[in-house]
Amino acid sequence: MPSTLPSRSHGPTRRGALAAGLATGTGALVAAATPAQATPTPEPDTGTSPCADPSPTSSPAPGAMRLFADESFNFSALMALGGCGMGAGEVGEVLSAVNAINAAGLGAQTYTAEFRRWGDRLVATAGNHKETRRWRFLRAAQYYAQALFFVLGSDNPGDEKKLYLAGRHAWDSFARLCEPAALTDIVRYDKKTSLPVWFFRPDDSGKPRPTVILTNGSDGQNVDMWTYGVSTALDRDWNALVYDGPGQGQLLFVDQLTFTPRWERVVTPLVDWLVRRRDVDARRIALTGLSMAGDLAPRAAAFEPRISALVAMPGTLSPWLAFPPEIREIVTADKAETNRIWNEEVVPELNPQQAYTLEKRLEPFSVEAMLAARSGRVPTDFWTPAQRIMALDINGVVGRIKVPTLVLDYEDEQFYPGQPAEFHEKLRCPKKYVKLTAATGAQLHCSPMAPQQHGEVVFDWLEDTLGRRAGRAHQRR
């Protein structure tokens, strides 16, 4: 299959830009050329003192940070390696998997199969000792999530739901084994749908505590919320609420419910659930959004007045801009014409990696796209998911946010470059901008190699904004 993409009247331009944009996708389509931002970048607070002055490098993941030659696989594996600091992985296990995958030949098939084997192995050997079972289930959830991310590009794309359920079983088992056990419930979203929630507490004393609602992105799993919030929250005597919204987890892979742009309709029932609890300080409920949820959480905070503080990680105004402009330009008000161009001029020229990337990126926005991807096909209807992605644009609502807001940015941000600074500029509330950098190993989207540092920046700001913790900090291990 050709590695370039088709065009109508200006073929070389479209082909070249699409090839560049799609080939680098690491979980999101990276724009081949990001429009220049009119908004100047604010003077960043790095959030931490540099530990060293690294030598100049042209690679955002140099030296030992280069686990795989392919950027997409490397980024995903770095997320697993970074999670080791929070118990959501083991360095030796992750690097053993990396070595095995490289030896077998890197690809979606080998990556999915190897991390799936690690998940199966840990579940099978969890044993009867509570602490061992607990942490092995958490690591298994990580490894199943790694396999799940690339399964649509493997020989068995139809295994997606099965892999999700394996990871969900591991996550649920871990949550039950926490001390105290995470409380689970379902929160009504609409007449037909409920949101699964996991409520983590430092103890079961019932003492009112500040609480953080942790919002995942477009393709993250619950284990990522442990790494990017729950663990740090418990250490600081905070409660933490994890949930699946439309387009995420159970609601996507089982219930087949795709993303909604009205994220306040998702968060409001969660806040309702929290404020009824005596162990929640209703005056101190924070909301965070990781990855694409740096768009979702701000939308909710703009309309839900009971949120006391917001963290966008990173600040995101329009997920649609993460698609190459040559893809975006084929979308018009005419659904039939858009899909004609898509099916006749774009899809036939996709190489396998590009096809997988598009299948993965479109899946959470259309049931047809999901079912096509599980059959190993690019969807025929591109117009519908494109409309839903475009509807996530929050440029018009950012100015409505009234609560103190922390906007994170990352050196070498691959997916939303320039958007965090513009987001920060549009805010009309108390605000702070922090850019995490390569000087402390915190570069790239969501600082995959430095989630502990990431948590320090976020929760230091939350404590400064909503008040210090009360009582003895809970120890993670």
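None of these values were measured; they are calculated from a predicted model. (Residues numbered from 1 in each chain as written. Predicted model: local features only at pLDDT ≥ 70, side-chain atom pairs only at ≥ 80, totals over all residues. Heavy atoms only, no water.)

Student: Residues and numbers for the overall build of the protein chain, please.
Tutor: For the protein chain, the count of helices and strands is 17 helices and eight strands. Counting all 477 residues of the protein chain, 61% fall into the buried class. For the protein chain, the share of sequence-separated contacts (at least 6 apart) that also reach a separation of at least 24 residues comes to 74%. Carbon and sulfur atoms form 51% of the exposed surface of the protein chain, whose accessible area is close to 17900 Å². (Helix = DSSP H or I, 4+ residues; strand = E, 2+ residues; numbered from the N terminus. Buried < 20%, exposed > 50% of the residue type's maximum accessible area, 1.4 Å probe, protein only. Contact = heavy atoms within 4.5 Å. Areas by Shrake-Rupley, 256 points an atom, 1.4 Å probe, with all protein chains shown as cover.)

Student: If you had to explain the nonpolar core to someone new, which residues and values would you point to?
Tutor: Formed by 148 residues in total, the largest nonpolar core has its most connected members in F200, I213 and W226. Among the elements that make up this core, the one with the highest residue count is helix α5 (residues 130–150) (twelve residues). In contact with F200, other than residues within four places in its own chain, are W171, F174, A175, C178, A182, W226, V230, L234, N239, A240 and V242. (Core = buried A, V, L, I, M, F, W, Y, C linked by side-chain atoms within 4.5 Å.)

Student: Provide a residue-level description of the packing of helix α3 (residues 91–104) against helix α4 (residues 108–124), including the pertinent values.
Tutor: Running from amino to carboxyl end, α3 crosses α4 at an angle of 145°, the nearest separation of the two axes being 9 Å. Considering only the axes of α3 and α4, their crossing is right-handed. Note on element contacts: α4 touches α3 through T110, Y111, E114, F115, W118 and L122, opposite E93, S96, A97, A100, I101 and A104. The class makeup of the residues in the contact of α3 with α4 is eight nonpolar, two polar and two charged. (Axes fitted to C-alpha atoms, helices over the stretch in contact; angles between N-to-C directions. Left-handed = near helix turned anticlockwise from the far one by under 90°. Nonpolar A, V, L, I, M, F, W, Y, C, P; charged D, E, K, R; others polar.)

Student: Tell me about the packing of aromatic side chains, residues and numbers included.
Tutor: Counted by the stated rule, this structure contains 26 aromatic pairs. Aromatic pair F149 and F150: ring centres 4.9 Å apart, planes at 65°, arrangement edge-to-face. Ring pairs connect the aromatic residues F68, F73, Y111, F115, W118, Y143, F149, F150 and Y356, which therefore count as one cluster. For the cation-ring pair, R121 lies above W118, with the distance from its terminal atom to the ring centre recorded as 4.2 Å. If you follow K360 out to its NZ or CZ, it ends over the ring of F149, 4.7 Å from the centre. (Phe/Tyr/Trp six-rings, centres within 6.5 Å; stacked < 30°, edge-to-face > 60°. Lys NZ or Arg CZ within 6 Å of the ring centre and 35° of its normal.)

Student: Hey, could you go over unusual backbone geometry for me, with residue numbers and the actual values?
Tutor: The linkage connecting E179 with the following residue, P180, adopts the cis geometry, with an omega of 0°. Position of P180 among the secondary structure elements: in the loop between α6 (160–177) and β1 (183–188). With an omega of 0°, the peptide bond running from M313 to P314 counts as cis. The topology assignment puts P314 in the loop between β6 (309–313) and α11 (325–328).

Student: Explain helix α2 (residues 71–82) to me, using residue names and the numbers behind them.
Tutor: With twelve residues, α2 extends 16 Å between its outermost C-alpha atoms, agreeing within 8% with the 16 Å of an ideal straight helix rising 1.5 Å per residue. Counting buried residues along α2, ten of its twelve residues qualify, which places the element largely inside the surrounding structure. Among the residues of α2, S72, F73, N74, F75, S76, A77, L78, M79, A80 and G82 are the ones counted as buried. In this structure, the buried residues of α2 make contact with α3, α4, α5, α7 (222–235), α13 (352–362) and α17 (451–466). (Expected span 1.5 Å × (residues − 1).)

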